[in-house]
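# Coordinates in review
These are the residues of each chain, in order.
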Amino acid sequence: MSVSPVVDRPVMFQTWRDLTFLHWRYPAQVVQDVLPPGLTVDTHDGAAWVGLVPFVMSGVRAPYVPALPWLSRFPETNVRTYVRGPDGRTGIWFCSLDADRLAPVVVARLTYALPYHWARMAVSVDGPRHSYRSRRHQHPDQRCSATVHVGQPIPEPTPLDTFLTARFRLYSVWRGGIVAADAQHGPWPLRRAELEHLDENLVEAGGLPAPTGDPLVHASAGVLVRVSGWRRVRAGS
């Protein structure tokens, strides 16, 4: 599905800013092997794709609660792939997520059962040059350092651009079953980007083989997001 769902009763508001999408092609079976039962790898032209996505999370708040300046804004980096749930709907499976604030890491692990890690992180935006740094506190050898040069807007995304970015559902496992949450947001204002520097091993730390070759790179200024609560997903639901 490439059209955002409507989230009438959000449990969280967020803004995702200054994103870079780095994607590599993977054999579908390699990715399938790291997925939990109930999820099937989603492919484009027969290949699975794995993304490394650093960005700034801001404006994080629950309904009727103001965003607290220190807690509501922080760098984040996720390692993700694309899947179909038991009901056939497409979404994101997170292999790992790194965040710079301990409180959101704890809350996300407890309430969304997502594999968050507390990390020392920084994001720098200097004109078209965006730099991201991350190193986990518990495992300092697990890191990401990336710099990209953001280019021109993409007026008409290709089917692959859409496949990699127009994702509005995330999956997790809760108490032995597959659960899903929807994320409502507008179309990504995508731009072309060139990778200037990359030193990372978060993809490997997430259970996948290290990526090979040059990634496909996109950038975006960001979107406003409304996140739903979890619901159990079963075949035919």
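See the structure printed just above.
This section reports on the structure supplied with the text.

Rules behind the numbers
- Residues numbered from 1 in each chain as written.
- Predicted model: local features only at pLDDT ≥ 70, side-chain atom pairs only at ≥ 80, totals over all residues.
- Heavy atoms only, no water.
- Helix = DSSP H or I, 4+ residues; strand = E, 2+ residues; numbered from the N terminus.
- Rg over C-alpha atoms; globule rule 2.2 N^0.38 Å.
- Buried < 20%, exposed > 50% of the residue type's maximum accessible area, 1.4 Å probe, protein only.
- Contact = heavy atoms within 4.5 Å.
- Areas by Shrake-Rupley, 256 points an atom, 1.4 Å probe, with all protein chains shown as cover.
- Lys, Arg positive; Asp, Glu negative; His and termini not counted.
- Charge placed at Lys NZ, Arg CZ, Asp CG, Glu CD.
- Core = buried A, V, L, I, M, F, W, Y, C linked by side-chain atoms within 4.5 Å.
- Salt bridge = Lys/Arg side-chain N within 4 Å of Asp/Glu carboxyl O.

This part is about the overall build of the chain. Check the secondary structure of the chain and you find four helices and 13 strands. For the chain, whose C-alpha radius of gyration is 17 Å, the value lies close to the compact-globule estimate of 18 Å for 237 residues. Seen along its three principal axes, the alpha-carbon backbone of the chain occupies a region of about 45 × 45 × 40 Å. Here the chain holds 237 residues, and 50% of them are scored as buried. Long-range contacts, defined here as pairs at least 24 residues apart, represent 69% of the contacts in the chain between residues at least 6 apart. As displayed, the chain offers around 11300 Å² of accessible surface, 55% of which is attributable to carbon and sulfur atoms. Each charge class in the chain can be summarised by its mean position, and for the 25 positive and 20 negative side chains these summaries are 9 Å apart.

Here we take up the environment of Ala-67. Within the fold, Ala-67 resides in the loop between strand 3 (48-61) and strand 4 (74-84). A residue is classified by how much of its surface remains accessible, and Ala-67, at 32% relative accessible area, is partly exposed. Counting along the chain gives 53 residues from Ala-67 to Gln-14, while the straight-line C-alpha distance between them is 9.5 Å. Beyond its immediate sequence surroundings of up to four residues, Ala-67 is in contact with Gly-59, Val-60, Arg-61 and Ser-72.

With that out of the way, let us pick up unusual backbone geometry. Only a minority of non-glycine residues have a phi that is not negative, and only a minority of peptide bonds are not trans. You will see that Asp-45, though not glycine, has its phi angle at about 55°, which is positive. Along the chain, Asp-45 falls in the loop between strand 2 (40-41) and strand 3. Although it is not a glycine, Arg-175 adopts a positive phi angle of roughly 50°.

A word on the nonpolar core. Counting 31 residues, the largest nonpolar core has Trp-16, Leu-19, Trp-49, Leu-114, Tyr-116 and Trp-188 as the members making the most contacts within it. Put simply, the parts of the chain that give this core at least two residues each are strand 1 (12-26), strand 3, strand 4, strand 5 (90-99), helix 2 (102-111), helix 3 (159-165), strand 10 (177-184) and strand 12 (216-227). Setting aside residues no more than four positions away along its own chain, Trp-49 makes contact with His-23, Trp-24, Arg-25, His-44, Arg-80, Thr-81, Tyr-82, Leu-160, Phe-163, Leu-164 and Leu-216. With 29 residues, the next largest nonpolar core counts Leu-39, Val-79, Val-150 and Tyr-171 among its residues.

Scanning the model with the defined rule gives nine salt bridges in all. Residue Arg-169 pairs with Asp-87 through a salt bridge whose shortest N-O separation is 3.2 Å. Of the two residues, Arg-169 is situated in strand 9 (residues 169-174) and Asp-87 in the loop between strand 4 and strand 5; the sequence distance between them amounts to 82 residues. Asp-182 is paired through a salt bridge with Arg-89; the nearest N and O atoms lie 3.9 Å apart. Of this pair, Asp-182 sits in strand 10 while Arg-89 sits in the loop between strand 4 and strand 5, and the two are 93 residues apart along the sequence. Among the charged side chains, a network of salt bridges with common partners joins Asp-87, Arg-89, Arg-169 and Asp-182.

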